[in-house]
Structures are given as C-alpha cells and as structure tokens.
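Here are the chains, one letter per residue:
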Amino acid sequence: MSAEENRITPRMVTMKFGGTSMGNHDTIAQVARIIVEHAAQGHRILTVVSAMNGVTDLLKQAARTASTGDDNEHIRIVNDLRVRHVETAEHLVVDDKIKKVLVEDIDTLLDSLNAMCHSIAVLREITPRGMDLIMSFGERFSARLLAAHLRDLGHAALAIDASEIIVTDDNFQDAAPFMDETQQRVNEFLLPYLHNGTFPIVTGYIGATRDGIITTLGRGASDYSAAILGACINTDDLWIYTDVDGIMTTDPRIVPTARVIPVLSYGEVGELAYFGAKVLHPKTVQPVIDKGAPVRVRNTFNPTHLGTLIQQQSEITQGAVKAVTIIRDVSLVSVEGRGMVGVPGIAGRTFMAVARVGVSVLLISQSSSEQSFCFIVPQSKTSTVLDGIKKEMRHELERGDVDRVWAREDVVIITTVGAGMRGTPGVAARVCGALSNRGINILVIAQGSSEYSISLVVRAEEANEAVRALHDLIAL
Ligand code: ADP
Ligand code: ASP
Ligand code: MG
C-alpha cells in the first residue's frame, strides 16, 4: 500500500477488473487479494468484472456460426468454455459444498447457452437482441467464479447479474442506461450488501431493459458499467484495474518505450478513448464527471503502482502533447464537385444520408475552397455509406454539381491529445512537421471540437511510423 493511499481513506471504492485480470485461477486469486487487502483498510468495495479474456469473442463466434445453421461449432465452443471455467473453479475453490454449487451453477448456464445456440441454428438467424443474450454469458461465469473464491476464503461475497440492476434502453449491442431507474435498483439491491459487509461482485458489460430483456453496453464496456454503478453508490474512488500500469503515452505494443501518464483530465481521457486508446471505454468517465469522483487506471499485476489519476482539472504540460492514439480500419470518404461552391445544404444532406444508414462519422474536414469535403467512417461500412450518399445526391451527380463520391480504404486516424494544445502556438506546425520530416504524407488534418486534440489521417502502411514520430514530440 502506498503512502498516498494510507493518507486518503475513502469509504467507498469501486474496482473493475478486466479480461486479463480475470483470465485464469492465478489472476482471479490476485484480484481477490486486492479486494480483501483494501477492505482490510476499512474500505467498502464494490467489484465489477469482465468475462475471462477471449470468452466474449468465443460467445460471438458461437452465435454467428449457429446463425448459419451450423449446430456443431457452438457445441465445441461451449465444451471448451465448460473445461476452462470448471478447471478454474477446481483451482479456486477448496470447500466441496461451495464448489458443487458453483459448478452446478456454471453447468446450468452453459446448458441454456447451448439450447439458445441450437434455437439460433434452427432459425438460421441472429438478431442484435439474441446476440446480446448470448454475449452476456461470459461475465455471468466470471462473477460467479470470483464470488465463490471469496466465499471459500471465508468472506461474505455474492455474484450479482447487472441485468437485475442496470436498466437500459433497447439499443441492443450499445445500450444506454436510464440512470434514475438504475439508481433505485442500486439503492434496493446493491447498497444493502455494501453496508452489511458483503462483497458484491457485479457483472460488467450487461444490463436489461425495463421488461427484463438482457442488453449489452458495447464491447469493452465493463469500464462503463463500473462507472455507472460507482456513480450510483456515490463512490469515493473508481479504480479500473487492467494489465498495464496506467494510461500510457501511446499503445505500448507500437512504441515499447511508451510511459505511464500520471494525471489526465476527464476531457483528455474522453478524447483519448474516443480516438482509439483501447485501455478505457470512451463512455467511462461520463457518469462520474458530475460527481467529480477521481478515476484511476491501475495494474492488477503491479498493485502498488498508483497508475493514472483521472480528475476534473487538466495539467498543462510542456510541449502540450501528452498522448498519441490510433484508430485503424477506417475509410476516408470524399464528396467533390466544382458545382458545389455556394450550393447550400450539400454537406448537411450528405451527413443526413450517412446517419440514415446508421453509420456514425468519426471525423470531418472541409477544404476552404468548398469544392470538396471529406470524413471518416468505419471501413466495414464504406459501401453502405457510398450507396446512401449517391442515392441522396443522384440529381446533383446527374447535373454534375457533384463530380465524385468516393472512398480510400487504406487509412488510419492518428490523434495527438493534450490539454492546452490549441492554446500553445505552433503545436499544429510541430505535429505536421514531425510527419513531413519522415516523409509521411498527411491526407487530412482536423482539430477536434475540444481543446484537447489534433487528428491526422495518413495511409495505413505508414501508421506505426507516424505514431512513433508523433510520440517523439512528447516531452520527457
Ligand atoms: P481490460 O481487459 O483490462 O479491459 P484492455 O485490453 O481493454 O484491458 O485494455 C488494456 C490494453 O490496452 C493494454 O494491454 C494495451 O495493450 C492497450 N492500450 C492501447 N493504448 C493504450 C494506452 N494509451 N495506454 C495503455 N494501454 C493501451
Ligand atoms: N467482455 C466484454 C468484451 O469483451 C466487456 C469487457 O471486457 O469490458 O467486450
Ligand atoms: Mg477494456
């Protein structure tokens, strides 16, 4: 325990453990040690867990293959899941009674998972609603494993399915919480356990509609679940435990010398996560901003490291750039035409057409000549977006007001993030200079609407080189 933690003694701490932290019996035992050690300091701990790493992907694959009529692949996947979870249970739980209940519980869940996949195979169809139901299983297994292990160690602990607590809309795969109703459920079903000394172990990632239909909050959203629940219990601290020491200056897999950033503001983190830093789900800080609760990103495997503190205020650093992020697999869509000059509404109608086909635009840039504008969409949606725009603009295309609607698929967005970047003269010039010095061509430059970022679009083959060049701008 660090000196800072000894000084500050929060009453309520919300801890979220990610997929690698829940990855096997050794790591789950480590998670339990962290919970118990902090509880022994007098804190009340609310725990939110992800599925064991890789499990959510396997569940998706089971549903996908079943939807093609394949009734075998899901059986193989469910068997693998049974072996992994039951083996983990064997290691984590000594007491026979606790083990028996746990394994029966997991088996019942696995049987219903198989039955659901079989129905999908018969119907040869998977809806977003069905997909959410299938993909919700991973967290239900992992929460039970951790709770049983804590009970085996002699603590009061209870696995709770967030579908009983987080009330959401029915936007399956990306559901949004209704905070007032969730607050009521938290008061009723969660706070009593925190007050009576039980460790509640809540599933991340999932919720349910008012009618009780299971939803998921989006891939990687266990962070967000922890923030939603943390806000509802008025948590003093929210700690997101992962497999690196904190939020780093860039993805350590691209730049091995990336360093942990000690302090970031909510705004900076929002931008960083939105523009691709996978370490935190983009919506994580939203629920806690109003409460002003500090968030820390910490390492399960290096628990004395204080990680990255995320708070209201930003710290302006020398050089202004604090982090570099990347989003791959995107396309640059361009709408061009000399006849567009001064014609009102073309951009508006284009974006309406994109919205109509259900695609969100990640970044927009307009050239000052008004003869073209371009924007970024996910690569998988390129042809849907082009078709939608061409349909909307068919008269302009016939008349020649719009010459061309086209897309480049081999691009990435690289973003430099840091408070005060736009207030510091010459940052954009330094950012562009760093790339041109290495002969990297910038296809688009866009300053975010916030104060915190500048984004550049470059060719995918130059992506890693561009990240390294921009990372060199970060002051030591
Ligand atoms: P968890 O399962 O704990 O939620 P994730 O895999 O979602 O973990 O996020 C942690 C991973 O994010 C790290 O292992 C790292 O590879 C990756 N990552 C990408 N960008 C960053 C960054 N800027 N700082 C830290 N980690 C990053
Ligand atoms: N298990 C979910 C996923 O893989 C949620 C999470 O890990 O945060 O997306
Ligand atoms: Mg994550």
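Let me begin by describing the structure that accompanies this report. These numbers come from a predicted model, not from an experiment. (Residues numbered from 1 in each chain as written. Chains lettered and ligands numbered in written order. Predicted model: local features only at pLDDT ≥ 70, side-chain atom pairs only at ≥ 80, totals over all residues. Heavy atoms only, no water.)

### Quick word on the sheet that holds strand 8 (residues 263–265)
Here comes step 1: The strand order 3-4-2-1-7-9-10-8 describes an open sheet built from eight strands, whose pairing is mixed. Where the open sheet ends on each side, the last strands, each with one partner, are strand 3 (157–160) and strand 8. Averaged over all pairs of adjacent strands, the angle between strand axes in this sheet comes to 20°, irrespective of strand direction.
Here comes step 2: Bridge count between strand 3 and strand 4 (residues 199–203): four bridges; the pairing is parallel. Within strand 4, the position partnered with Ala157 by the bridge is Phe199. (Pairing = 2+ DSSP bridges. Helix = DSSP H or I, 4+ residues; strand = E, 2+ residues; numbered from the N terminus. Axes fitted to C-alpha atoms, helices over the stretch in contact; angles between N-to-C directions.)

### Examining the site of ligand 2
Here comes step 1: Surveying the vicinity of ligand 2 reveals the residues Ser50, Thr56, Glu139, Tyr205, Arg219, Gly220, Ala221 and Ser222.
Here comes step 2: Here a nitrogen atom of ligand 2 sits 2.6 Å away from a polar atom, N or O, in the side chain of Glu139.
Here comes step 3: In the model, an oxygen atom of ligand 2 is placed 2.8 Å from a nitrogen or oxygen of the Gly220 main chain.
Here comes step 4: Isolated, ligand 2 exposes 270 Å² of accessible area, and the fraction of that covered by the protein chains is 84%.
Here comes step 5: Within the shell around ligand 2, the residues separate by chemical class into two nonpolar, four polar and two charged. (Near = heavy atom within 4 Å. Polar contact = N/O pair within 3.5 Å; in protein donor to acceptor, adjacent residues only side chain to side chain. Areas by Shrake-Rupley, 256 points an atom, 1.4 Å probe, with all protein chains shown as cover. Nonpolar A, V, L, I, M, F, W, Y, C, P; charged D, E, K, R; others polar.)

### Digging into the sheet that holds strand 15 (residues 444–447)
Here comes step 1: Ordered in space as 12-13-11-14-16-15, the six strands form an open sheet in which the pairing is antiparallel. Sheet topology places strand 12 (363–366) and strand 15 at the edges, where each strand pairs with a single neighbour. Direction aside, the axes of adjacent strands within the sheet are offset by 30° on average.
Here comes step 2: As paired strands, strand 15 and strand 16 (residues 453–459) are joined by four bridges and run antiparallel to one another. Bridging from a neighbouring strand, Gln447 pairs with Ile454 of strand 16.
Here comes step 3: Relative to strand 16, helix 16 (residues 427–437) is tilted by about 20°, and along the sheet it contacts strand 14 (404–417), strand 15 and strand 16. (Contact = heavy atoms within 4.5 Å.)

### Regarding the pairing of strand 4
Here comes step 1: Burial analysis of strand 4 places five of its five residues in the buried class, the great majority of the element.
Here comes step 2: Burial of the side chains of strand 4 extends over both faces: Phe199, Ile201 and Thr203 are buried on one face and Pro200 and Val202 on the other. (Buried < 20%, exposed > 50% of the residue type's maximum accessible area, 1.4 Å probe, protein only.)

### Considering the nonpolar core
Here comes step 1: Residues Ile35 and Leu146 are the most contacted members of the largest nonpolar core, which totals 95 residues.
Here comes step 2: Considering every element that reaches this core, the biggest residue donor is helix 5 (residues 96–123), with ten residues.
Here comes step 3: Among the nonpolar cores identified, the runner-up in size contains 24 residues, and Val321, Met421, Val431 and Ala466 belong to it. (Core = buried A, V, L, I, M, F, W, Y, C linked by side-chain atoms within 4.5 Å.)

### A closer look at the packing of aromatic side chains
Here comes step 1: One pass over the full model with this rule turns up seven aromatic pairs.
Here comes step 2: With centroids separated by 4.8 Å and ring planes inclined at 90°, the aromatic side chains of Tyr274 and Phe275 adopt a geometry described as edge-to-face.
Here comes step 3: A relative accessible area of 37% means that Tyr274 is categorised as partly exposed.
Here comes step 4: For the pair Phe373 and Phe375, a centre-to-centre distance of 6.5 Å together with 25° between the ring planes defines the contact as stacked. When sorted by exposure, Phe373 lands in the same class as Phe375, which is buried. (Phe/Tyr/Trp six-rings, centres within 6.5 Å; stacked < 30°, edge-to-face > 60°.)

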